[in-house]
Amino acid sequence: MFLRSLVSPLTAIRGIGPAVVPKLARLGIHTVAGLLCHYPRDWEDRSQKVPIKEFQRARVCTEITVIAHDWIGFGRMRTLKVHVEDESGRAVLLCFNRPWLEKQLLQGSRYRLWGRFYFKYGDIQSSAFETEPAVPGQVAGFGRILPVYPLSAGLTQAMLRRFTSRALEQYASALENELPDEIVERDNLFAKKAGIKAVHFPDSAEELEKAKKTLIYEELFYLEVMVGKRAIERRGGNVRNKEEGIRGGEGAGVVTESGVVNNVLQQRLLERLPFSLTPGQQGAVAEINGDMAHVPMAHVPMARLLQGDVGSGKTLVSFLAALRAVEDGGQAAIMAPTELLARQHAENAARLLEPLGLRIAFLTGNIKAAGRKELLRSLASGEIDIVVGTHALFSRDVAYKNLRLVVIDEQHRFGVTQRSLIMAKGDQPDLLMMSATPIPRTLALTVFGDMDVSVIRDLPPGRKPVKTHLAKESNEGKVYDFVRNELAAGRQAYFVYPLIEGGDEADPKDSSQLKAAVSMAERLADQVFPGCPLALVHSKLDEEKKRLTMDSFRSGEIKILVATSVVEVGVDVPNASCMVIEHAERFGLSALHQLRGRVGRGQDQSYCFLVYSDELTEDGKARLKVMLENSDGFVIAEEDLKLRGPGQIAGIEQSGYLNLGMANPIRDAQELARARVDAFAILESDPDLLLPEHRVIARVLEEAPPFGEVAL
Ligand code: ADP
Ligand code: MG
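Note that this is a predicted model, so its numbers are computed, not measured.

Cut-offs used in this document
Residues numbered from 1 in each chain as written. Chains lettered and ligands numbered in written order. Predicted model: local features only at pLDDT ≥ 70, side-chain atom pairs only at ≥ 80, totals over all residues. Heavy atoms only, no water. Helix = DSSP H or I, 4+ residues; strand = E, 2+ residues; numbered from the N terminus. Buried < 20%, exposed > 50% of the residue type's maximum accessible area, 1.4 Å probe, protein only. Contact = heavy atoms within 4.5 Å. Areas by Shrake-Rupley, 256 points an atom, 1.4 Å probe, with all protein chains shown as cover. Phe/Tyr/Trp six-rings, centres within 6.5 Å; stacked < 30°, edge-to-face > 60°. Core = buried A, V, L, I, M, F, W, Y, C linked by side-chain atoms within 4.5 Å. Pairing = 2+ DSSP bridges. Axes fitted to C-alpha atoms, helices over the stretch in contact; angles between N-to-C directions. Left-handed = near helix turned anticlockwise from the far one by under 90°. Nonpolar A, V, L, I, M, F, W, Y, C, P; charged D, E, K, R; others polar. Patch = residues over 30% accessible without salt bridge, like charges linked within 9 Å, V, L, I, M, F, W, Y side chains within 5 Å. Salt bridge = Lys/Arg side-chain N within 4 Å of Asp/Glu carboxyl O. Lys, Arg positive; Asp, Glu negative; His and termini not counted. Charge placed at Lys NZ, Arg CZ, Asp CG, Glu CD. Near = heavy atom within 4 Å. Polar contact = N/O pair within 3.5 Å; in protein donor to acceptor, adjacent residues only side chain to side chain.

## Quick notes on the overall build of the chain
Piece 1. Assigned secondary structure in the chain consists of 25 helices and 22 strands.
Piece 2. A buried classification covers 53% of the 712 residues belonging to the chain.
Piece 3. Of all intrachain contacts in the chain linking residues separated by at least 6 positions in sequence, the fraction that spans at least 24 positions is 73%.
Piece 4. As presented, the chain carries roughly 30,800 Å² of accessible surface, and 52% of it is formed by carbon and sulfur atoms.

## As for the packing of aromatic side chains
Piece 1. Scanning the entire structure with this criterion turns up seven aromatic pairs.
Piece 2. Judged by centre distance (5.9 Å) and plane angle (55°), the rings of Tyr480 and Phe495 are tilted. Separated by 15 residues along the polypeptide, Tyr480 in helix H16 (residues 476-488) and Phe495 in strand S18 (residues 492-496) bring together distant segments of the chain. Like Tyr480, the residue Phe495 is buried in the burial classification.
Piece 3. Residues Phe482 and Tyr607 carry aromatic rings whose centres are separated by 4.7 Å and whose planes lie at 70° to one another, so their mutual orientation is edge-to-face. Here Phe482 is found in helix H16, whereas its partner Tyr607 is found in strand S22 (residues 607-612), with 125 residues between them in sequence.

## Quick notes on the nonpolar core
Across soluble globular proteins, nonpolar side chains have a tendency to be buried as a group.
Piece 1. Counting 64 residues, the largest nonpolar core has Leu24, Leu35, Phe221 and Ile697 as the members making the most contacts within it.
Piece 2. Only helix H2 (32-36), helix H4 (157-171), helix H5 (181-186), helix H6 (192-200), helix H7 (205-234), helix H24 (669-685) and helix H25 (695-703) provide two or more residues apiece to this core.
Piece 3. Among the elements that take part in this core, H7 stands out by supplying 13 residues, more than any other.
Piece 4. Once residues within four sequence positions are removed from consideration, Phe221 is found in contact with Leu179, Pro180, Ile183, Ala675, Asp678, Ala679, Ile682 and Ile697.
Piece 5. Judged by nonpolar contacts, the second largest core, of 41 residues, contains Leu270, Ala336, Leu358 and Ile386.

## Let's talk about the sheet that holds strand S19 (residues 534-537)
Piece 1. Read from one edge of the open sheet, six strands run S17-S22-S21-S18-S20-S19, paired in parallel fashion. Here the strands that pair on one side only, and so sit at the sheet edges, are strand S17 (467-472) and S19. Across the sheet, the mean angle from the axis of one strand to that of its neighbour is 20°, orientation sign disregarded.
Piece 2. Packed onto the sheet, helix H18 (residues 517-528) meets S18, S19, strand S20 (560-563) and strand S21 (576-582) and runs at close to 180° relative to S19.
Piece 3. Sheet strands touched by helix H19 (residues 543-554): S18, S19, S20 and S21. Its angle to S19, the strand with the most contacts, is close to 140°.

## Examining the packing of helix H20 (residues 589-596) against helix H21 (residues 618-629)
Piece 1. As a packed pair, H20 and H21 sit with axes 10 Å apart at the nearest point and diverge in direction by 35°. For the crossing formed where H20 meets H21, the hand is right-handed. For the pair H20 and H21, the contacting residues are Leu589, Leu592, His593 and Arg596 in the first and Arg623, Leu624, Val626 and Met627 in the second.
Piece 2. Each residue belonging to the contact of H20 with H21 can be placed in one class, and the counts come to five nonpolar, one polar and two charged.

## Some remarks on a negative patch on the surface
Piece 1. Together, Asp181, Glu182, Glu185 and Glu693 make up a region of like negative charge exposed at the surface.
Piece 2. Inspection of the secondary structure assignment puts Glu185 in helix H5.

## Quick look at the sheet that holds strand S5 (residues 110-115)
Piece 1. The seven strands lie next to each other as S6-S7-S4-S3-S2-S5-S8, forming an open sheet whose pairing is mixed. With partners counted over all chains shown, the strands left at the sheet margins are strand S6 (118-120) and strand S8 (129-133), one partner each. Sheet twist, expressed as the mean angle between neighbouring strand axes with direction ignored, is 45°.
Piece 2. Of the strand pairs in this sheet, strand S4 (residues 89-95) and strand S7 (residues 123-126) are connected by two bridges, and their pairing is parallel. The residue of S7 that forms the bridge with Leu93 is Ser126.

## Considering the environment of Ile216
Piece 1. With respect to the helices and strands, Ile216 occurs in helix H7.
Piece 2. Ile216 sits in the buried class, given a relative accessible area of 8%.
Piece 3. Linking Ile216 and Gly661, residues 445 residues apart in sequence, is a C-alpha distance of 8.2 Å.
Piece 4. Residues in contact with Ile216, not counting those within four places in the same chain, are Met662, Ala663, Arg667 and Asp668.

## Brief notes about unusual backbone geometry
Piece 1. At Asn188, a residue that is not glycine, the phi angle is positive and equals roughly 50°.
Piece 2. The residue Asn188 is located in the loop between H5 and H6 in this model.

## Examining the site of ligand 1
Piece 1. In the neighbourhood of ligand 1, 17 residues make up the surrounding shell, with Ser276, Gly311, Lys314, Thr315 and Arg463 lying closest.
Piece 2. Note that a nitrogen atom of ligand 1 is positioned 2.8 Å from one of the side-chain N or O atoms of Gln281.
Piece 3. A distance of 3.4 Å is found between an oxygen atom of ligand 1 and a backbone nitrogen or oxygen belonging to Ser312.
Piece 4. At three residues, the largest contribution of residues to the shell around ligand 1 is made by helix H11 (residues 314-327).
Piece 5. For the shell around ligand 1, the residue count by class is five nonpolar, seven polar and five charged.

In short, geometric facts, not functional conclusions.
Shown next, in the form of structure tokens:
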């Protein structure tokens, strides 16, 4: 039995009744497996003695005698003080709201004591401590290392410890290893059953380390097995075990523009542009052209991820790739996550590529019957060379004559199924995915481990870095004054809010404090910038309304755009010089970075104001500081990862791909690399996992797949 196959209901565990089931469900725990995979977030070492005297070094863990009780304060505010001592010294236990401890900690008796102590008013004291009677043989929490679990309302550490311990008693002995034996032996790892026991209730610090190592390696190994299998499928049975899965575009910067481009259409587009490609763009185009120069018979379609910070000019690179496909007699489909962005790409494509004699089409779900029918006909007959659109590009009734290239912009916004649906419209088309949410290198290797990666590290010349300022909500007037000056100078501004309307969040008490786009649009128009053309855009407006608004903002007719994070992706209005983000602490780092990337797209100095609530959490502070100190999206993404952990990095959590329980690809980068070598070596020698020593892998994938659907 594999751990994830333990799908029995929680009530099968002794001591778990129907009442706690919904509480556990709130933690995402629904089955026995779920409970056993709810790993501790920390461990408390109560196995080592720490006498009172050493309270500054660690949590005190000792045996004490109660010397005296006394009370401070009056009436209902009375607080019990228990004076205790061990052989090293004396301390005071402050029993706030725990008057009953008077009857539990009896004068003259001995107890085990555990807690964090500090020095105050001449005493070594603690208000957060635990005790138990020092009865020999009756050790509950003491003398061992205890797990500390993530909790939800109505659950206590003691309950989770008890449930987990029962589940282990009932089920652990049946657990099978998921790693091949040779790896377990080679690395001196735990067997699965011992590993899972030891991660919850280790007997020693060494055991805990070994248990963590075991579980981490197992997760990373299966991650890489999935990546490797995916690579085999994509490359038609050939897994390329390259250590260096990522090549930087800047490395290829030696290629000159004329050297990069090897065909007529691309050449002609470049001649028409008022600027030259940046070295990063050149590198990317060279790599794409290399991938797309297929040797007949050995058809390996391109699978490339193009990463580049906001404004680095990825769209142009994708157009050049499209030209390559068209020159080879094929069609290209460019897919964007929103209609707004798709339309912008379509307009750019029409402007740049129609003069070369190409036929461009724009397809979204909103295109009406007659026009749509004609459009679909000309796509199927091959009259259209490049089609730009939203997910409508893979609707059931859409057929292509010869789809050779699929470009997916803002790839993280699309799910796995959507990606495969569009790919299925061609016969193994080349795939170019683009991401402006930079995925840190370490993570890229994990998630896109079987893809080639091009990175554009430079921005087009002449861009001035956006100046970022933090402002307290109470100082927003100054921000408004600044924006007023910019508007007077002919520039435009964005104002972004976390909500569309006040109270449209789950917790009304909380959200009523928040400024929302709708009400602020009114306030800005009436009170702050009267007479200045202003419009509102958010996701609840229909596409036509959004389009009209964006068009008039782009043309400069509208000066102020009040929005939610819908403007986060792709919008390109070079004359906008101010980005004001209110309640900035409510946004994730990558969203902030994307939003900031909406300005600084022209020649003039641009500004980003992060307006934060007067009471800001430590975490919020840390994030805003990252934004203030960094402009490189890759650095910001790495910081994001450090602050939030890999499961939550923007774009990846949606893919549901990285639900790692123990492993952290950043921290465990070395283990990851080793797991990759192991997994790829096995797949290379035994792609169908038929050898007896590899059967276990095939069985795990079949019976208890670790990551569900693979988001690649
Ligand atoms: P992103 O990588 O964020 O998708 P875009 O493709 O939207 O960036 O490009 C941002 C802007 O930079 C566009 O207005 C585009 O025309 C311009 N641009 C692209 N490449 C260059 C270049 N080599 N030199 C100058 N401007 C460029
Ligand atoms: Mg873009």
